[in-house]
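This is what each chain is made of:
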Amino acid sequence: MANSNYPRNGEGFSSNGSYKGEYHGNKLPDRTDEDEIDLKRLFYILWNNKWLIIGSTLLFSIIAGVIAYQVTPIYQSQASLLISQSQNRYSYAGSDLGSLLSSTYGIGTGSTIANELQILRSRRLSMEMADSLMQERLMKNGRQFPVLFKSYPEDSAMTVQDTVALRLRNSIQFTQVDREADMVEITYESPAPLEAAYIVNLAIDVYSKLSTRQNRSTANSAVQFLQKERNRIEERLNSVESRLKEFMNQEQLVQVDAQTEELIRRMAELESRRQEARTKLVAANSAIEQYKQRLNSIKPGLAKQYADAVGPNMVRLQYQVAELEIEKMQLLANNPGLKDRPNPPKELQELNQKIELYRNQIRSLTEDLISQSDQYVGFLGGGDGNVAQTITEINQKLIELQVEQQQYQAQVDVLDEQLGEQEQFFENLPDNMIELARLKRDVTINEELYLTVSKQYAEMSLWEQTQFGLGRPVDDGFVPEDPVKPNKVLYVLVGFILGGILSVGYIFVSEAFNTTIDSLEKIKRFGPPLLAVVPDMDDHLKENYDGKRTVQVGKTKVNTGLVTVLDTVSPISEAYRRLESNIIYSNPDRKMRSILVTSSSKGEGKTTLTSNLGVVLAEAGYSVVIVDTDLRRPNLHNMFGLSRSPGIIEILFDDLSPEEAIRETVVPNLSVLPSGKRPPNPSAITQSRRLIKEIQKLEEQFDYVLVDSAPYGIITDPSALIKEVDGVLLVTRFGKTDEAEVQHTIDNLGQINAHIIGSVISSFDYEKSNDYHYGSYQYGSRYYRSLYEDYEAYHKEA
């Protein structure tokens, strides 16, 4: 028996009694790098779970494929639209009024691609498209447009226009193909290919109509104004002609003298020029108001600052130009032949030079104003370049319009003065001649005005009809043949990746929370040397004994777990022989006669291991007795086909001699001392001095005494025996025993100064082990694989 005063601070135990490693010269495992990432270990963990990974990836790929085939297919159609400048033949033919509207309102001068994209994405466009769709309702195949469904495809009831418009705005895409090109690509996706093509073509059609209406709306307002003016002038002309006719009949006056006739003609021409200047002034004022509203909408107060920029100097210059223009007009009216002369007279040349000089000064002043305002706008714009650019454009247009406004106003003022001067000539005529001259003047003026306004009305009507939208279709929408969604390959790929990620994640999480002994590396960490690795025998028993619990050996039925008796050449038997060799030769300086086998919990195979260890020791020529001290759950007698009684209990309480209780087995040199009948207090018996003395007697009779005890990890029954035996063998079951249980058992053994000679892993399955190619582990895996191959070859030969 071992000395009970085994030193606590020697041979592997720390000061607190916990086990720190065996004392047979083995180096303790280095645990300092335990938390470092080991790529090899991660690889072999994944390799050991490869079928789980493969199964998961295949399952998720199949599920993703099924989902992809069940998802409603989506078709995409595309069309392209060129945003071009609106042009018409008439505006290029030299129409002054068309040029005026183009310069003031921006009609016919095109638009930036960004503005047209906003129109394409506007609510108005989508509402008109929705209205057209709701009127059309059915596609060419007779089915309703899916965008009109309340809920596609479940509820085919038509939804409201606002909902349809919202769906269109959210689904249809307008993108500029290239920054350098005015090409817009229109894309729409739908579960119906016919709808996809129809909607992109509808967007082009509705946009073209909307753009045309917008371009014609301002021209239409001008046409209506001119039509009213023409009607008003026509009524005045008819009235004046009636009054002239009546006066001539009453006074018997037919005509005025030549001088008065010339005066009337001149006044009519001046009135016509004034009417034309007033029309242009009205257009300029209207455009200025529009640009001011846009400017104030961006930054309130800017419009007034730009209005103040056109100062008195500009007004005076415009007035001078107007006076010179009137003087030039009168000179040409009095001398019609001057227009066709190649060398105009000196007086006309001087007038042209003065007019050009004043106009150059006006242009210079305008450029200075624009430059100053650009600097101011740059200061206001800050980091928002778009706002600064917009303000700059509006500012330039506003200054130009204000210059034109002053020019037209100056012309009106000068013409008013000229007409006032001509009116004074009428005061010197006789009364009846004054009335006749006035009536003829009014008729002539209204005739001139009527002709002028009628001409403008005709020009504007033609100009209005030649205004079209800015969009020109390049590629029409097509009916797609294949869906763009779902991408079945992408679905399967995502399912494949997701399955791999989830399975790998599950494996790593399971491994992180896995505290069972599922590798040789784990049991090595606890310190006691690993003496043997016993392979799992479940498959062996199923193949050889059809899963039977017992088999007949001679006249005795023994348990099929006695592999060393039933199949001496199996790898399992070889593992027990290795255990026997390691026990005997691991420490030749210390003779161990008594060995206690225990475990952390029940069901870990300690009885099976004890029985087979006894068999291989007996085969080696040693006399061996196995004592069953697991009085709570005795099973040793079943292993050898013996009865439970008589046994230890009978020796201790019925004065039975050990020779009568010890039974021979089918194995020579191997005897068994069963537990005997069930005792009332197993713990008291196993810790009694009488039992220890009986074990000591057996040591004198046999070479080896193997004690099969209760699991010390959960029961303290064998504590007294543990202190007295020569060594303790700790059994752990592969994939079942928990690391905490092993540590707890080793700590408890250390508290009582137990001599742990080593540990054994039972039911080991190298295919499920998380061990990887680290020296002896690699060798062990190949070793057991080789043993099984030799074992199979042996049985085939037999």
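Residues numbered from 1 in each chain as written. Predicted model: local features only at pLDDT ≥ 70, side-chain atom pairs only at ≥ 80, totals over all residues. Heavy atoms only, no water.

What follows concerns the overall build of the chain. From N to C terminus, the chain includes 28 helices and 16 strands. A total of 798 residues make up the chain; the buried ones form 45% of that total. Counting contacts in the chain only where the partners sit at least 6 residues apart, residues at least 24 apart contribute 80% of the total. About 40,900 Å² of surface is accessible on the chain, with carbon and sulfur atoms providing 49% of the total. (Helix = DSSP H or I, 4+ residues; strand = E, 2+ residues; numbered from the N terminus. Buried < 20%, exposed > 50% of the residue type's maximum accessible area, 1.4 Å probe, protein only. Contact = heavy atoms within 4.5 Å. Areas by Shrake-Rupley, 256 points an atom, 1.4 Å probe, with all protein chains shown as cover.)

Here we come to the sheet that holds strand β12 (residues 663–664). Spatially, eight strands are ordered β7-β16-β15-β10-β14-β11-β13-β12 in an open sheet, and the strand pairing comes out mixed. Each edge of the open sheet is held by one strand with a lone partner, namely β7 (530–535) and β12. Pairing of β7 with strand β16 (residues 756–764) involves four bridges; the strand directions are parallel. By the bridge assignment, proline 535 is partnered in β16 with phenylalanine 764. (Pairing = 2+ DSSP bridges.)

It is worth spelling out the pairing of strand β14 (residues 704–708) at this point. Counting buried positions over the five residues of β14 gives five, a clear majority of the element. Side-chain alternation along β14 places Tyr704, Leu706 and Asp708 on one buried face and Val705 and Val707 on a second face that is also buried. Both strand β10 (residues 594–599) and β14 contribute to a ladder of four bridges, which runs parallel. Note on β14: the bridge partner recorded for serine 594 is valine 705. In the sheet, strand β11 (residues 624–628) pairs with β14 via five bridges, with the strands oriented parallel. By the bridge assignment, valine 627 is partnered in β14 with valine 707.

This part covers a nonpolar patch on the surface. On the surface, Leu490, Leu493, Val494, Phe496, Ile497, Leu498, Ile501 and Leu502 cluster together into a nonpolar patch covering about 720 Å² of accessible area. Relative to the elements of secondary structure, phenylalanine 496 occurs in helix α15 (residues 488–513). The class for phenylalanine 496 is partly exposed, based on a relative accessible area of 45%. (Patch = residues over 30% accessible without salt bridge, like charges linked within 9 Å, V, L, I, M, F, W, Y side chains within 5 Å. Salt bridge = Lys/Arg side-chain N within 4 Å of Asp/Glu carboxyl O.)

Contact geometry for helix α1 (residues 39–48) and α15: axes closest at 10 Å, N-to-C directions at 115 degrees. Taken together, the axes of α1 and α15 are roughly perpendicular relative to one another. Crossing hand, α1 versus α15: right-handed. Along the contact surface, α1 presents Arg41, Leu42, Ile45 and Leu46, while α15 presents Val504, Ile507, Phe508 and Glu511. (Axes fitted to C-alpha atoms, helices over the stretch in contact; angles between N-to-C directions. Parallel < 35°, antiparallel > 145°, perpendicular 65-115°, else oblique. Left-handed = near helix turned anticlockwise from the far one by under 90°.)

It is worth spelling out the sheet that holds strand β6 (residues 471–475) at this point. An order of β4-β5-β1-β6 is seen for the four strands of this open sheet, with the pairing classed as antiparallel. Each edge of the sheet is formed by a strand with only one pairing partner; in this case those strands are β4 (173–176) and β6. Across the sheet, the mean angle separating the axes of adjacent strands is 30 degrees when strand polarity is ignored. Where β4 and strand β5 (residues 183–190) come together, four bridges link them in antiparallel fashion. The residue bridging glutamine 176 from the neighbouring strand is valine 184, located in β5.

A grouping of Glu323, Glu327, Glu347, Glu350, Asp413, Glu417 and Glu421 is seen on the molecular surface, where their side chains present a negatively charged patch. Here the element with the most residues in the negative patch is helix α13 (residues 385–426); it accounts for three residues. Among the structural elements, aspartate 413 can be located in helix α13. The exposure class assigned to aspartate 413 is partly exposed, which follows from its relative accessible area of 30%. (Lys, Arg positive; Asp, Glu negative; His and termini not counted. Charge placed at Lys NZ, Arg CZ, Asp CG, Glu CD.)

Before going further, it helps to examine the nonpolar core. In terms of nonpolar packing, the biggest core is built from 41 residues, with Leu673, Leu698, Ile722 and Ile761 touching the most fellow members. Counting residues in hydrophobic clusters, the runner-up holds 39 residues, among them Val534, Met639, Val672 and Leu706. (Core = buried A, V, L, I, M, F, W, Y, C linked by side-chain atoms within 4.5 Å.)

Okay, helix α19 (residues 571–585) next. Compared with the 21 Å implied by 1.5 Å per residue over 15 residues, the 21 Å span of α19 between its first and last C-alpha is a close match. All of the buried residues in α19 are Pro571, Ile572, Ser573, Ala575, Tyr576, Leu579, Glu580, Ile583 and Ile584. (Expected span 1.5 Å × (residues − 1).)

Residue placement: asparagine 612 occurs in helix α20 (residues 606–619). Residue asparagine 612 is classed as buried on the basis of its relative accessible area, which comes to 0%. Sequence-distant contacts of asparagine 612, that is, excluding residues within four places in its chain, are made with Gly561, Leu562, Val563, Thr564 and Tyr576.

All of the buried residues in helix α17 (residues 538–545) are His540, Leu541 and Tyr545. The buried residues of α17 occupy one face: seen down the axis, they fall within an arc of 95 degrees. Turned more than 90 degrees away from the buried face of α17 sit Asp539, Lys542 and Glu543, all of them exposed. Positive backbone phi, at 55 degrees, marks aspartate 546, one or two positions downstream of α17. (Arc of directions from axis to C-beta.)

Looking now at the pattern of salt bridges. Evaluated as defined, the whole model comprises 16 salt bridges. The residue aspartate 630 makes a salt bridge to lysine 606 at a minimum N-O spacing of 3.3 Å. With aspartate 630 in the loop between β11 and α21 (636–639) and lysine 606 in helix α20, this residue pair connects regions lying 24 residues apart in the sequence. Taking the relative accessible area as the measure of exposure, aspartate 630 reaches 4% and is therefore buried. For lysine 606, a relative accessible area of 7% puts it in the buried group. Note that aspartate 708 is salt-bridged to lysine 606, the shortest N-O span being 3.3 Å. Of the two residues, aspartate 708 sits in strand β14 while lysine 606 sits in helix α20, which places them 102 residues apart along the sequence. As far as burial versus exposure is concerned, aspartate 708 and lysine 606 are alike and both buried. Sharing partners across several salt bridges, the network here consists of Asp518, Lys522 and Glu739.

With that settled, the discussion passes to the environment of proline 658. Structurally, the position occupied by proline 658 is in helix α23 (residues 658–661). Along the chain, proline 658 and glycine 647 lie 11 residues apart, while their C-alpha atoms are 8.2 Å from each other. In this structure proline 658 touches Ile651 and Glu694, once residues within four positions along its chain are discounted.

We now examine the pairing of strand β8 (residues 550–553). By the bridge criterion, four bridges tie β8 to strand β9 (residues 556–559) in an arrangement that is antiparallel. Across the sheet, the residue bridging to valine 553 is threonine 556, located in β9. A loop of two residues connects β8 with β9, the two strands running antiparallel in sequence, and glycine 554 in this loop sits at a positive phi of about 65 degrees.

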